Amino acid sequence: METKPKLYYFHGRGRMESIRWLLAAAGVEFEEEFLETREQYEKLQKDGRLLFDQVPLVEIDGMPLTQSRAILSYLAAKYNLYGKDLKERLRIDMYADGTLDLMLMIAQAPFKPPKEKEESYALVVKRAKTRYFPVFEKILKDHGEDFLVGNQLSWADIQLLEAILMVEELSAPVLSDFPLLQAFKTRISNIPTIKKFLQPGSQRKPPPDAHYVEVVRNVLNF
Amino acid sequence: MSGKPVLHYFNARGRMECIRWLLAAAGVEFEEKFIERPEDLEKLRKDGKLMFEQVPMVEIDGMTLVQTRAILNYIATKYDLDGKDVKERALIDMYAEGIADLSEMMGQLVVTPPDQKEAKIALIKDRTKNRYLPAFEKVLKSHGQDYLVGNRLTRVDIHLLELLLYVEEIDSSLLAPFPLLKALKSRLSNLPNVKKFLQPGSQRKPPIDEKALEEAKKIFKLS
């Protein structure tokens, strides 16, 4: 029997949330250990499981994996969410990487001074509306299929849904000019594993609050 | 039409250099079209060639590719410089991301305000000798092989070589405590394609100088 993957991170979204989404979408149960104290973090370092002294850490298939993009690629391949050939994988990489850039801006914003934080969020919404969402709207329009790549669910679709929901938290009408993305959002949200993840009580984490920021600063000492 | 990959970027290292290195290591000839004025970038955008309005962009196999990581993955797989299974690829990706993080810190130096530069350099040196180099030295020590992953040359060896050269540019004494990394550096530098790329006259780009950066900022109206 395969042991469940185990996730080590703060009790919040940060750089682990995309990994939770991917596992959930793949229908994979996972455990979580939440970092709350500096001592816990130092123990992980001492145990030698943090290659570059950083979390996220995911223990899976006997490996301590760090670096969120490496983890996401591994999971996508393992759970058949990476397309059927090199060219599809390439497109998934391009789309997911672009979306991750946007989400990284969101993840970093809470740690900035209040004014810069607001500016960051405003920039995220602007980039979403002018740089990222138009691209995906066009992709869906050009092929008329239900998923971004290869007519089947991939990492790129899950990543995009996550991004859409996070940007909507910042600006509810952000999808108003993108009818195909609206339909996409509904469709992907209704996939059973994803629907379950979207319900209260799942392992999905809420938006960062002051407490989350404080814990992270304490544990990582910055 | 030559059929060679065409790289679209500024005439500088930036986020394209790792791609140049990988192509060179794979023995693949490539052409470059340098973005020299805002109009060059605008044209690429208007022609719909930049998916997210950004460079690097590489034209290869009839496709226009963007996003550095996606491009590196594609090139590595195509030229057999990737892991042979998912687990090897996970290690390669993990190591490569660490390398990219440190490279990113170094790349940010040129746009760091003068009053913050010294602190930034100190942080880079600290991370280099206390976080990144020890991690890679340990990987090499753990298996005693000539390459980081899978006992053969993969893209991550090339990425690491590139990084070690940048570390030396900052402070050559940083490599001193890491004998296995020094040996790896020598070994990789002597691979024929790499040796060629290291010679003057290759498409390898020099560090950006302050003057060129000032010019670029003016031309592109960056802050």
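This is a predicted model, so every value here is computed, not measured.

### Notes on the UniProt feature "domain: GST C-terminal" (unreviewed entry) in chain B
Right, on to step 1. Mapped onto this numbering, the UniProt entry annotates "domain: GST C-terminal" (unreviewed entry) at residues 85-208 of chain B.
Right, on to step 2. The span residues 85-208 of chain B is 70% helix and 0% strand, and its two end C-alpha atoms sit 38 Å from each other.

### Re the UniProt feature "domain: GST N-terminal" (unreviewed entry) in chain A
Right, on to step 1. The residues that UniProt annotates with the feature "domain: GST N-terminal" (unreviewed entry) are residues 3-83 of chain A.
Right, on to step 2. Secondary structure within residues 3-83 of chain A divides into 36% helix and 20% strand; the distance between the first and last C-alpha atoms comes to 26 Å.

### A look at the domain arrangement of chain A
A common way to express how large an interface is: the accessible area buried when the components associate.
Residues and elements named next belong to chain A.
Right, on to step 1. Looking at the assigned domains, one finds that chain A contains domain 1 (6-79 + 198-220) and domain 2 (86-191).
Right, on to step 2. Here the C-alpha centre of domain 2 lies 21 Å away from the C-alpha centre of domain 1.
Right, on to step 3. The interface is formed by 20 residues belonging to domain 1 together with 18 residues belonging to domain 2.
Right, on to step 4. Carbon and sulfur atoms make up 66% of the area that domain 1 and domain 2 hide from each other, which totals about 1600 Å².
Right, on to step 5. Three residues stand out in domain 1 for area buried against domain 2, namely Arg15, Trp21 and Arg69, and they jointly supply 31% of the buried area on that side.
Right, on to step 6. Across the domain 1-domain 2 interface, the total number found is 3 salt bridges.
Right, on to step 7. Put simply, domain 1 and domain 2 have 5 residue pairs in polar contact (both at pLDDT 80 or more) between them.
Right, on to step 8. Where the side of domain 1 that touches domain 2 is concerned, the elements lending two or more residues are helix 1 (17-25), helix 3 (68-78) and helix 9 (210-220).
Right, on to step 9. Residues that form the side of domain 1 that touches domain 2 fall into these classes: 11 nonpolar, 3 polar and 6 charged.

### With respect to the environment of Ala96 of chain B
Residues and elements named next belong to chain B.
Right, on to step 1. Position of Ala96 relative to the elements: it lies in helix 4 (residues 86-108).
Right, on to step 2. Each C-alpha atom of the pair Ala96 and Val156 lies 5.7 Å from the other, and the pair is 60 residues apart in sequence.
Right, on to step 3. Ignoring sequence-local partners within four residues, the contact set of Ala96 consists of Arg155, Val156 and His159.

### With respect to the interface of chain A and chain B
Right, on to step 1. Each partner contributes to the interface: chain A provides 30 residues, whereas chain B provides 30 residues.
Right, on to step 2. Between chain A and chain B, roughly 2800 Å² of surface is buried when both sides are summed, and carbon and sulfur atoms account for 66% of that area.
Right, on to step 3. Three residues stand out in chain A for area buried against chain B, namely Phe52, Leu90 and Met94 of chain A, and they jointly supply 22% of the buried area on that side.
Right, on to step 4. A salt bridge links Arg89 of chain A to Asp82 of chain B; its shortest N-O distance comes to 3.9 Å.
Right, on to step 5. Here chain A is connected to chain B by 7 residue pairs in polar contact (both at pLDDT 80 or more).
Right, on to step 6. Listing elements by their share of the side of chain A that touches chain B, those giving two or more residues are strand 4 (63-66), helix 3, helix 4 (86-108) and helix 5 (114-143) of chain A.

Reading the values: the criteria
- Residues numbered from 1 in each chain as written.
- Chains lettered and ligands numbered in written order.
- Predicted model: local features only at pLDDT ≥ 70, side-chain atom pairs only at ≥ 80, totals over all residues.
- Heavy atoms only, no water.
- UniProt positions renumbered as here; feature names shortened; annotations may be inferred.
- Helix = DSSP H or I, 4+ residues; strand = E, 2+ residues; numbered from the N terminus.
- Domains from an automatic or database assignment.
- Contact = heavy atoms within 4.5 Å.
- Buried area = accessible area lost by both parts, 1.4 Å probe.
- Salt bridge = Lys/Arg side-chain N within 4 Å of Asp/Glu carboxyl O.
- Polar contact = N/O pair within 3.5 Å; in protein donor to acceptor, adjacent residues only side chain to side chain.
- Nonpolar A, V, L, I, M, F, W, Y, C, P; charged D, E, K, R; others polar.

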